[in-house]
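So the chains spell out like this:
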Amino acid sequence: MGLSSTMWCVMVLSLLAFAPLCFSHKNNYNGGYLYPQFYDHSCPRAQEIVKSVVAKAVEKEARMAASLLRLHFHDCFVKGCDASLLLDSSGTIISEKRSNPNRNSARGFEVIDEIKHALEKECPHTVSCADILALAARDSTVLTGGPSWEVPLGRRDARGASLSGSNNNIPAPNNTFQTILTKFKLKGLNVVDMVALSGSHTIGNARCTSFRQRLYNQSGNGQPDYSLDQSYAAQLRTRCPKSGGDQNLFVMDFVSPRKFDNNYFKNILASKGLLNSDQVLLSKSEASMELVKKYAENNDIFFDQFAKSMVRMGNVSPLTGSKGEIRKNCRRINTY
């Protein structure tokens with residue numbers, strides 16, 4: 001007459017297995033929920049295509065991995081992870097590319113264009129530019145030896161930019177520890193996220209203008225910053241003079257500049273963190289100091305937290321459901 005207990009269990013388990021997918025779609029439409037399988041049916045090869053283009057770009061220029069990772073950071077800290085950074089100036093839009101943190105330093109936009117072109121060819125009007133940024137950041141990390149993680153997807157693209165937000169919300173190299181932490185907290189991130197995500201400075205370069213004040217006049221009294229190892233500082237001064245050479249590039253991790261690892265934290269412990277925002281992690285907070293020591297001692301712990309914090313950052317105020325749009329060209333809003 002009734003169902004056997006075995007059959008009943010099978011039915012219940014089947015319903016439970018499908019429940020997360022059902023609720024994920026519903027929650028996403030109502031706003032706020034991202035999940036890794038978002039494109040499994042609408043564009044199954046999306047992640048494969050992103051990875052392929054990123055791999056080609058990084059093979060051509062190793063520095064591109066750090067540049068793509070940085071784009072995701074600079075996007076999420078302004079209005080949330082909505083690809084507003086990618087918009088060029090047009091009409092009423094003033095591009096975030098013109099802000100102090102991005103001007104003459106943000107790069108990799110052509111790689112994003114190439115990814116978008118390939119995705120539009122594969123599955124038109126489906127994959128958002130914001131999701132491309134999140135995937136490219138993950139793939140760049142993995143390609144340089146860092147951790148992998150499942151990227152929650154389903155973001156949509158903003159129809160506007162915020163130059164003032166870009167100027168004010170992105171942590172700057174010369175910000176105080178408290179200012180940087182406040183900027184993280186405003187995005188729902190904490191000191192653990194702040195220290196772990198700062199570890200992305202294990203790859204990439206910084207311009208002379210980003211740390212010159214540490215070499216010559218950090219405190220305003222004409223004295224250099226003595227929290228910086230002085231032999232390292234002397235080496236930096238050879239290519240970063242008191243004036244001129246603003247755009248001269250320096251690796252942020254001189255030990256293994258192209259490898260994503262925990263040497264960044266070891267450098268800080270040796271007073272060889274390049275940026276002031278790196279060194280303050282050790283000197284201005286007991287909590288951050290302990291985290292620096294922990295990550296310097298154990299690469300696996302750093303990798304695990306970096307992956308978790310990247311997911312948390314990628315969840316900052318995404319546009320979902322019917323909000324925003326899926327741009328056909330990442331540099332321009334759609335015209336209807």
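Being a predicted model, the structure only gives us computed values, none of them experimental.

A. Focus on the overall build of the protein. Looking only at helices and strands, the protein features 14 helices and 2 strands. When each of the 336 residues of the protein is scored for burial, the buried share is 50%. Counting contacts in the protein only where the partners sit at least 6 residues apart, residues at least 24 apart contribute 74% of the total.

B. Region of interest: empty space enclosed by the protein. For the coordinates displayed, the defined rule picks out 1 cavity of 30 Å³ or more. Its boundaries defined by the atoms lining it, the largest cavity holds a volume of some 40 Å³. Lining the largest cavity are H72, A134, W149, V151, P152, R155, M310, V311 and G314. Considering each element in turn, the lining of the largest cavity owes the most residues, 3 residues, to helix α14 (residues 299-314). Residue classes in the lining of the largest cavity are distributed as 6 nonpolar, 2 polar and 1 charged.

C. Here's a closer look at the state of the cysteines. Summed over the entire model, instances satisfying the criterion amount to 4 disulfides. Sulfur-sulfur distance for the disulfide between C43 and C123 comes to 1.8 Å. Judged by the sign of its S-S torsion, about -45°, the bond between C43 and C123 is left-handed. In this pair, C43 is assigned in the loop between α1 (5-30) and α2 (46-60) and C123 in the loop between α4 (109-122) and α5 (129-143), connecting sequence segments 80 residues apart. With respect to class, C43 is no different from C123; both count as buried. Two residues, C76 and C81, share a disulfide whose sulfurs are 2.0 Å apart. Residues C76 and C81 share a disulfide whose torsion about the S-S bond is about 120°; that sign makes it right-handed.

D. Quick look at the nonpolar core. In terms of nonpolar packing, the biggest core is built from 73 residues, with I112, I115, L119 and M310 touching the most fellow members. Each residue touching M310, except ones within four places of it in the same chain, is listed here: L69, H72, F73, A137, W149 and L197.

E. Region of the structure containing the environment of V50. Structurally, the position occupied by V50 is in helix α2. Residue V50 is classed as buried on the basis of its relative accessible area of 0%. Separated by 89 residues in the primary sequence, V50 and D139 have C-alpha atoms spaced 8.1 Å apart. When residues no more than four places from it in sequence are discounted, the contact partners of V50 are I115, L119, I132, L135, A136 and D139.

F. Representation of the confidence of the model for the protein. The predicted model of the protein has a mean per-residue pLDDT of 90, with 88% of residues at 70 or higher. Counted against residues more than four places away or in other chains, residues 6-31, with its pLDDT under 50, gives 18 contacts.

Scoring rules and cut-offs
- Residues numbered from 1 in each chain as written.
- Predicted model: local features only at pLDDT ≥ 70, side-chain atom pairs only at ≥ 80, totals over all residues.
- Heavy atoms only, no water.
- Helix = DSSP H or I, 4+ residues; strand = E, 2+ residues; numbered from the N terminus.
- Buried < 20%, exposed > 50% of the residue type's maximum accessible area, 1.4 Å probe, protein only.
- Contact = heavy atoms within 4.5 Å.
- 1 Å grid on protein atoms, 1.4 Å probe; cavity = no way out; pocket = protein on both sides within 12 Å on 5 of 7 lines; lining within 4 Å.
- Points joined across faces, edges and corners; volume = space filled by probe spheres on them.
- Nonpolar A, V, L, I, M, F, W, Y, C, P; charged D, E, K, R; others polar.
- Disulfide = S-S within 2.5 Å.
- Core = buried A, V, L, I, M, F, W, Y, C linked by side-chain atoms within 4.5 Å.
- pLDDT = per-residue confidence, 0-100.

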